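# Breakdown of the fold
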Amino acid sequence: MMKRFIYLLIFLFSISASAQIILTQDTTVCGLQTLQLHAFSGGSNGNSLFLTDDTHSPIVNIGFPFTFYGNTYTQLLISTNGYLTFDLTNAGLYSPWTNNLPIPNPGAIPENAIMGVWHDIDPGVGGVIYEGVNGSAPNRVYVVTWCQIPMFSCNNMIATHQIKLHEGSNKIETFIQDKPLCLTWAGGTAIHGTVDVTSTNFNIVTDPTLLLPRNWPLPWTATNEGWEFLPNGANSYTINS
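So, here's what we can say about the structure. (Residues numbered from 1 in each chain as written. Predicted model: local features only at pLDDT ≥ 70, side-chain atom pairs only at ≥ 80, totals over all residues. Heavy atoms only, no water.)

### Re the packing of aromatic side chains
Keep this limit in mind: Aromatic rings from Phe, Tyr and Trp, taking only the six-membered ring of Trp, are treated as a pair when their centres fall within 6.5 Å; an angle between ring planes under 30 degrees marks them as stacked, one over 60 as edge-to-face, and anything in between as tilted. Secondary structure is summarised from DSSP: a helix means a run of H or I of at least four residues, a strand means a run of E of at least two, and numbering begins at the N terminus for each. For every residue, the accessible area (1.4 Å probe, protein chains only) is compared with the maximum for its type, and the residue is labelled buried under 20%, exposed over 50%, or partly exposed between those bounds. Over a ring means this: the NZ of a Lys or the CZ of an Arg is within 6 Å of the ring centre and within 35 degrees of the ring normal.
As enumerated under the stated definition, the model contains ten aromatic pairs in all. Ring centres of Y69 and Y237 lie 5.0 Å apart, and the angle between their planes is 90°; on these two criteria the pair is classed as edge-to-face. Of this pair, Y69 sits in the loop between β3 (60-68) and β4 (71-78) while Y237 is found in strand β14 (residues 237-240), placing the two residues 168 residues apart along the sequence. By the burial criterion, Y69 is buried, and Y237 matches it. Pairing W97 with W185 gives two aromatic rings, centres 4.9 Å apart and planes at 35°, and the pair type is tilted. Taken as a pair, W97 in the loop between β5 (83-85) and β6 (113-118) and W185 in the loop between β10 (172-179) and β11 (191-195) lie far apart in primary sequence, 88 residues in all. Chaining the aromatic ring pairs together yields one cluster made of F66, F68, Y69, Y73, F86, F229 and Y237. We note K179 situated over the ring of W220; from NZ or CZ to the ring centre the distance is 4.8 Å.

Written out as C-alpha cells, the structure reads:
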C-alpha cells in the first residue's frame, strides 16, 4: 500500500483525492488534469470489484444531472469492457464482452449505454480504470478513463480510451489514444457509439478510414481520435470528429 501511495503522489501531485484510489502495482495513470477521484469498493469486505474482468462497477454518482436520449440521470455504471450504462440493475454484475450482433440489440446488455469502445479488455492483467469530476458548476465534466489496459487474448496490445460527459450541454465526448486490432479474439470487432434505454434510438460512429459504421461485425483500429456527440433533440445525436 505504501509503495502505491508514494507512486500516486509522484505522478498525480495535482489531483485532490477524496478517498483511497484503487490501483494495481506499478500501474501507469493516464492524464494529469485536476480531478476529484472516487474509490470503488466491492462491499463491506473492502475488496475491489472494479478491476475484475467482464464486470460492471458499483453504482457511481456522476456529480450533476446528465440527460441522455431525453432521460436525466445522476448515476451510472462503468464496464471494464469500455462502456458506460445508465442501467443500474447490473451494478457489480457481469458485463458482456461479446458483441456478436449489431447495436441495437433489444433486451441484450448493453442498453442505455455509451460505448467509448465496447471491446474485450482485461484490467485484471494490467492498467487502471478511473473516474472523476473536473471543473466547477455549471460547467463540470465527468470523466472515465480506461488507461493502458491489455486486450483480452492479446495481452501485448494495450488499449487507452476515455469518455467525457458535459454538464448543461449534455454533450458526450469520446477519446481514443490506442484501440488495437486483436484479430485472434472476437475477430477484432468493437462497437463505438450510443444506444437508448429501449434499443430504439442509437448513433454509431462511421470509421473515417473504412467509411463503415463501427458496429458489429466490423474489425477496426484507431489511434489519437476525438469524437463529440451533440444532442439533436431527444432521440438522436450529431456526431463530429
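### Brief notes about the nonpolar core
In plain terms, the rule: To define a nonpolar core, start from buried Ala, Val, Leu, Ile, Met, Phe, Trp, Tyr and Cys residues and group those joined through side-chain atoms within 4.5 Å. Contacts are assigned to residue pairs that have any heavy atoms within 4.5 Å of one another.
Core analysis: the largest hydrophobic core is formed by 30 residues, its most contacted members being Y142 and L165. Counting only elements with at least two residues in this core, the list comes to β3, β4, β7 (128-134), β8 (141-151), β9 (154-166) and β13 (222-231). When near neighbours in sequence (up to four residues on either side) are disregarded, L165 contacts F64, F66, L76, L84, F86, I114, R140, V141, Y142, K171 and I172. One finds Y83, I103, W118 and I204 within the second-largest nonpolar core, a separate group that totals eight residues.

### Concerning the state of the cysteines
Basically, it comes down to this: The disulfide criterion is simple: two cysteine sulfur atoms within 2.5 Å.
Using the criterion set out here, one finds one disulfide in the structure. Across a sulfur-sulfur distance of 2.0 Å, C154 and C182 are joined as a disulfide pair. The S-S bond linking C154 to C182 shows a torsion near 65°; that makes this disulfide right-handed. Separated by 28 residues along the polypeptide, C154 in strand β9 and C182 in the loop between β10 and β11 bring together distant segments of the chain. The exposure class of C182 is buried, given its relative accessible area of 3%.

### A short note on the sheet that holds β3
So the rule is basically this: When DSSP finds two or more bridges between a pair of strands, those strands are recorded as paired. Orientation is described by lines fitted to C-alpha atoms, with helices fitted over the stretch in contact, and by angles between N-to-C directions that extend from 0 to 180 degrees.
The strand order across the open sheet built from six strands is β3-β4-β5-β6-β11-β12, with neighbouring strands paired in antiparallel fashion. A single partner strand is all that each edge strand has here, and the edge strands are β3 and β12 (202-204). Shown here is a sheet whose adjacent strand axes are inclined to one another by a mean of 25°, direction ignored. For β11 and β12, the ladder comprises three bridges, and the chain directions are antiparallel. Counterpart to T194 in the pairing with β12 is N203.

### Focus on the side chain of S95
Selection rule: Here a polar contact means two N or O atoms within 3.5 Å. Within protein one must be a hydrogen donor candidate and the other an acceptor candidate, and residues neighboring in sequence count only if both atoms are side-chain atoms.
Structurally, S95 can be placed in the loop between β5 and β6. Among the polar contacts listed, one links the side chain of S95 to the side chain of Y83, at a separation of 2.8 Å. When sequence neighbours within four positions are dropped, the list of residues in contact with S95 reads D54, T55, H56, S79, N81 and Y83.

### Looking at the pairing of β10
In terms of strand pairing, β9 meets β10 through six bridges, oriented antiparallel. The residue bridging K164 from the neighbouring strand is E173, located in β10. The antiparallel pairing of β9 with β10 creates a hairpin that spans five residues between the two strands, and G168 there sits at a positive phi of about 85°. When β10 meets β13, the two strands line up antiparallel, connected through seven bridges. Considered in β13, the bridge of K179 is made with A222.

### Some thoughts on unusual backbone geometry
With an omega of 10°, the peptide bond between I103 and P104 qualifies as cis. Tracing the sequence through the fold places P104 in the loop between β5 and β6. Here the amide bond leading from I109 into P110 is cis, since omega sits at 5°, within 30 degrees of zero. Phi at Q148 is positive, roughly 50°, even though this residue is not glycine. Secondary-structure assignment places Q148 in strand β8. The exposure class of Q148 is partly exposed, given its relative accessible area of 34%. Here N224, not a glycine, exhibits a phi torsion of approximately 55°, which is positive. With respect to the helices and strands, the residue N224 is situated in strand β13.

By themselves these figures say nothing about function.
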